[in-house]
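Letter by letter, the chains look like this.
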Amino acid sequence: MASEVTYNEQELVYLLKERNNQAFSYLYDNYSGALYTIILQIVKESELANDVLQEVFVNIWRKIESYDASKGRLFTWMLNIARNASIDTIRSKSFQNAQKNQELADNVNTSMVNQVTQLNVDNIGLKKVLLKLKPEIRSLVELAYFKGYTHEEIAQIEGIPVGTVKTRIRSGLLQLREYLK
Amino acid sequence: MNVQEYISSGIVESCVLGLASADEQLEFERMCATSPEVNAAREAFELSLEKQAKEQAIAPPAILKNKIFNEIGIADTDGKKTAPVSTVIKAPVVKMGWLRYVAAAAILLLMGSTALNLYFYKQYQKYSSQYDALVASQTQMAYDNKALQTKLQGYESAMGHIKDPGMAVIKMPAVAKSPDPASMATVYWDTKSKDVYLMVNNLPQPVSDKQYQLWAIVDGKPVDAGVLDMQEGMTFAKMKNIPKAQAFAITLEKHGGSDIPTMSAMYVLGKV
């Protein structure tokens, strides 16, 4: 068997910018799962998540030139692309219309399969770590990170001052840092 | 706000996760660039986030990879296979420092090799053109040689005829009214085959639309014995077969010869 090639981040970025297919394949094999998970946690439907993941990797391939290593790790860059693409998707009109229909359908016939998938997704990764936070803090972080709401929007939804939203999210993120260590 | 306060404000995590405002993001980038501590805090959080995300990941459907690669327009090569290109690039950067020197040496060798290649290519071009010139001159020489051979064969055959004991030699000196009093030609007449050969001893080069014509005088009448082509430098030419003649003469006629000789343009005459 061929031994598995591993790249350090520098090499990987270099090769990606050189449009190296093998490096891209490596990138996909090593990061598609992590990105797919975050996408699933935001869009919550596997069909849609497939489309978003495809869009994300196409964008990574096309925009790798603009990645600046001095501003952060490659994964962080990709994670933000994945999160933004997912949030754009759930914010789109077509998605929201579909959601309404889904809610109607769910009222009539609750899909067990969907629930199982969602449980799975909520119990891993970042979401799992967030479970350790106090509920009043966790809900704000989730609204900000998984729904893409601005602090102002969250303040409206929750009926609390913007300053409080910001303070609570910041403290939640600091705790998150400790839990991730 | 000092650096420690900045780090423990949660701004680092907020920026990494993309939750900060544009202004905060800009300030954060500035802080990272100027403060190694902020930069270290950022990297530590990024790493732990990445680790967590990779540890518990749901793999996307296998078919998706191919779909994505197709859209991008590249082949789905297996990233796990040993790739010669990537290992070459990879090795010097990471673990083994001495490979840097090997790589440097390899690059130097490559440059040297490239230079030599260029040099040899120039040499090759030079010799190639010299070779072409040699081939051309060789061809020219072979052609000249062939021409000489042909000429020599002509002389040999002429000599053969002249030496033939059965050959009658009829000298034709200039006639009294010859345009050129120094004219002289000789007819060699094979008494057996009756073939006639003409040797020009001295005749002025005719103008281009004129030709010397040999006449055999048979029973007082001139009979065409052929025209002489002096342009090719032939000094010994086979003429027409003449079975019977009392004399031979040469006149200058229009190109291709005439039916009747122009008496005023008679140069030489010789009796058999």
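What you are looking at is a predicted structure, and each value in this text was computed from that prediction instead of being measured.

S.K.: What should I look at first to understand the overall build of chain B in this one?
M.R.: A count of helical and extended segments in chain B gives seven helices and eight strands. Scored against the burial criterion, the 272 residues of chain B give a buried share of 33%. In chain B, the proportion of contacts linking residues at least 24 apart, taken out of those at least 6 apart, comes to 55%. Approximately 16800 Å² of chain B is accessible, and the part contributed by carbon and sulfur atoms is 62%.

S.K.: Even after reading the chapter, I still don't get the interface of chain B and chain A, so can you show me in this structure?
M.R.: Interface size, as often reported, equals the accessible area lost upon joining of the parts. Taken together, the contact pairs 52 residues of chain B with 60 residues of chain A. Carbon and sulfur atoms supply 61% of the area buried between chain B and chain A, which totals about 5200 Å² over both sides. Taken together, the links from chain B to chain A amount to six salt bridges. Across the salt bridge formed by A:Arg73 and B:Glu50, the nearest N and O atoms sit 2.9 Å from each other. Run the count over chain B and chain A and you get 15 residue pairs in polar contact (both at pLDDT 80 or more).

S.K.: Looking at this structure, I do not really get the packing of aromatic side chains. What am I missing?
M.R.: In this description, a pair of aromatic rings is defined by centroid distance and the angle of the planes. Residue and element names in this part refer to chain A. Tallying each qualifying case throughout the model produces 13 aromatic pairs over all chains. Their ring planes at 55 degrees and their centres at 5.3 Å tell us that Tyr67 and Trp77 sit as a pair that is tilted. Residue Tyr67 is found in the loop between helix H3 (46-63) and helix H4 (74-91), and its partner Trp77 is found in helix H4; the two are separated by ten residues along the sequence. We note that Tyr67, like Trp77, is buried. With centroids separated by 5.2 Å and ring planes inclined at 85 degrees, the aromatic side chains of Tyr145 and Phe146 adopt a geometry described as edge-to-face.

S.K.: I would appreciate a short explanation of a negative patch on the surface in the present structure.
M.R.: On the surface, a cluster of negative charge is contributed by A:Glu45, A:Glu47, A:Asp51, A:Glu55 and A:Asp88. On the secondary structure map, A:Glu47 appears in helix H3.

S.K.: What is the right way to read the state of the cysteines from this model?
M.R.: Each disulfide consists of one covalent bond between the sulfur atoms belonging to two cysteines. Residue and element names in this part refer to chain B. Evaluation of the coordinates by the stated rule reveals zero disulfides over all chains. Cys15 takes part in no disulfide bond, and the closest cysteine sulfur to it belongs to Cys32, at a distance of 7.8 Å. Here Cys32 falls in the buried class, since its relative accessible area comes to 7%.

S.K.: Please explain H3(A) as it appears in this structure.
M.R.: In an α-helix, one turn spans 3.6 residues; hence positions three or four apart end up facing the same way. An ideal rise of 1.5 Å per residue puts 26 Å on 18 residues; H3(A) measures up with 25 Å between its terminal C-alpha atoms. Listing the buried residues of H3(A) in full gives A:Ala49, A:Asn50, A:Val52, A:Leu53, A:Gln54, A:Val56, A:Phe57, A:Val58, A:Ile60 and A:Trp61.

S.K.: Please clarify how unusual backbone geometry should be interpreted in this entry.
M.R.: Excluding glycine, residues mostly have negative phi values, and the peptide bonds linking residues are mostly trans. We note that A:Arg19 has phi near 60 degrees; this positive angle belongs to a residue other than glycine. Locating A:Arg19 in the fold gives a position in the loop between helix H1 (9-17) and helix H2 (21-43). Owing to a relative accessible area of 34%, A:Arg19 belongs among the partly exposed residues under this scheme. The backbone of B:Asp219 shows a phi angle near 50 degrees, a positive value even though the residue is not glycine. Positionally, B:Asp219 belongs in the loop between strand E4 (210-218) and strand E5 (221-228).

S.K.: In this structure, what is going on with the nonpolar core? I would like to understand it.
M.R.: Side chains of nonpolar character tend, in soluble globular proteins, to be buried together. Formed by 71 residues in total, the largest nonpolar core has its most connected members in A:Phe24, A:Leu27, A:Leu35, A:Ile60 and A:Leu74. If we ignore the near neighbours within four places in the chain, the residues touching A:Leu35 are A:Leu53, A:Val56, A:Phe57, A:Ile60, A:Phe75, A:Met78, A:Leu79 and A:Ala82. B:Ala185, B:Ala225, B:Met230 and B:Tyr267 belong to the second-largest nonpolar core, a separate cluster that totals 26 residues.

S.K.: Looking at this model, I keep getting lost on the sheet that holds E4(B). Mind explaining?
M.R.: Strand-to-strand pairing in sheets goes through backbone hydrogen bonds, with the strands running parallel or antiparallel. Residue and element names in this part refer to chain B. Spatially, E5-E4-E7-E8 is the arrangement adopted by the four strands of the open sheet, whose pairing is antiparallel. Each of the sheet's edge strands pairs with one partner strand only, and the pair in question is E5 and strand E8 (266-271). Shown here is a sheet whose adjacent strand axes are inclined to one another by a mean of 25 degrees, direction ignored. In terms of strand pairing, E4 meets E5 through six bridges, oriented antiparallel. Within E5, the residue paired with Ile217 across the bridge is Pro222.

S.K.: When you look at the packing of H2(A) against H3(A) in this model, what are you seeing that I'm missing?
M.R.: A pair of packed helices is characterised by two quantities: the angle between their axes and the separation of those axes. Residue and element names in this part refer to chain A. It is the contact of H2 with H3, at a shortest axis distance of 9 Å, that shows an interaxial angle of 140 degrees. Relative to H3, the element H2 lies oblique. At the point where H2 passes H3, the crossing takes the right-handed sense. Across from Asn21, Phe24, Leu27, Tyr28, Tyr31, Ser32, Leu35, Tyr36, Ile39, Leu40 and Val43 in H2, the residues of H3 making contact are Ser46, Leu48, Ala49, Asn50, Val52, Leu53, Val56, Phe57, Ile60 and Trp61. Its residues assigned to classes, the contact of H2 with H3 comprises 17 nonpolar, four polar and no charged.

S.K.: How should H4(A) be read in this particular structure?
M.R.: The first and last C-alpha atoms of H4(A) sit 26 Å apart over 18 residues, in line with the 26 Å expected at 1.5 Å per residue. H4(A) sits mainly inside the fold: 15 of its 18 residues count as buried.

S.K.: Honestly, the sheet that holds strand E3 (residues 196-202) of chain B in this entry has me stumped. Any pointers?
M.R.: All names here are of chain B. The strand order across the open sheet formed by four strands is E1-E2-E3-E6, and the pairing between neighbours is antiparallel. The strands lining the two open edges of the sheet, one partner per strand, are strand E1 (167-173) and strand E6 (236-238). Averaged over all neighbouring strand pairs, the angle between strand axes comes to 20 degrees, with direction disregarded. Taken together, the six bridges between strand E2 (residues 184-190) and E3 define a ladder with antiparallel strand orientation. Residue pairing across strands places Val187 opposite Leu198, the latter belonging to E3.

S.K.: Honestly, the pairing of E4(B) in this entry has me stumped. Any pointers?
M.R.: Residue and element names in this part refer to chain B. Of all the nine residues making up E4, seven are buried; the element is thus mostly covered by neighbouring parts of the structure. Note: E4 against strand E7 (residues 247-254), eight bridges, orientation antiparallel. What sits directly across from Tyr212, in E7, is Leu252. From the end of E4 to the start of E5, which pair antiparallel, there are two residues, and Asp219 there has a positive phi angle of about 50 degrees.

Cut-offs used in this document
Residue numbers here run from 1 along each chain, matching the order of that chain's written sequence. Labels are handed out in written order, letters beginning with A for the chains and numbers beginning with 1 for the ligands. For a predicted model such as this one, the threshold for reporting local features is a pLDDT of at least 70, and the threshold for listing and counting side-chain atom pairs is 80 or more; totals across whole chains, interfaces and linings nevertheless cover every residue. Only hydrogens and water are removed before side-chain values are computed, so all heavy atoms of the structure are retained for them. To qualify as a helix, a DSSP run of H or I must reach at least 4 residues; to qualify as a strand, a run of E must reach at least 2; elements of each kind are numbered from the N terminus. Residue burial is assigned from relative accessible area. The probe radius is 1.4 Å, only protein chains are included, and a residue is buried under 20% of its type maximum, exposed over 50%, and partly exposed in between. Any pair of residues with heavy atoms lying within 4.5 Å of one another is described as a contacting pair. Here the accessible surface of atoms and residues is derived via Shrake-Rupley with a 1.4 Å probe, and residues count as covered only by protein chains that are part of the display. Two parts placed together each lose some accessible area; with a 1.4 Å probe, that loss summed over both constitutes the buried area. Counted as salt bridges are all cases of a side-chain nitrogen of Lys or Arg within 4 Å of a carboxyl oxygen of Asp or Glu. Nitrogen and oxygen atoms within 3.5 Å of one another constitute a polar contact, given that in protein one can donate a hydrogen and the other can accept it, and given that sequence-neighbouring residues count only through two side-chain atoms. When the centres of two rings from Phe, Tyr and Trp lie within 6.5 Å, Trp using its six-membered ring, the rings pair. Their planes under 30 degrees apart give stacked, over 60 give edge-to-face, and anything left gives tilted. Patch membership requires over 30% relative accessible area and the absence of a salt bridge. Like charges are linked within 9 Å, and nonpolar side chains (Val, Leu, Ile, Met, Phe, Trp, Tyr) within 5 Å. Positive charges are assigned to Lys and Arg, negative charges to Asp and Glu, while His and the chain termini are left out of the count. For this purpose, a charge sits on NZ of Lys, CZ of Arg, CG of Asp or CD of Glu. Here, a disulfide means two cysteine sulfur atoms that sit within 2.5 Å of each other. To estimate the expected span of a helix, subtract one from its residue number and multiply by 1.5 Å. Nine residue types can take part in a nonpolar core, namely buried Ala, Val, Leu, Ile, Met, Phe, Trp, Tyr and Cys, and a core is a set of them joined through side-chain atoms within 4.5 Å. In short, DSSP must find at least two bridges between two strands for them to pair. An axis is simply a line fitted to the C-alpha atoms; with a helix, the fit covers only the stretch in contact. Between two such axes, the angle follows the N-to-C directions and lies from 0 to 180 degrees. When an angle is under 35 degrees it counts as roughly parallel; over 145 it counts as roughly antiparallel; between 65 and 115 it counts as roughly perpendicular; any other value is oblique. Crossing chirality is assigned from the near helix's rotation relative to the far helix, an anticlockwise turn below a right angle marking it left-handed and a clockwise turn marking it right-handed. In the scheme used here, Gly and all other residues not listed as nonpolar or charged are polar, with Ala, Val, Leu, Ile, Met, Phe, Trp, Tyr, Cys and Pro taken as nonpolar and Asp, Glu, Lys and Arg as charged.

That's the geometry; what it means functionally is another story.
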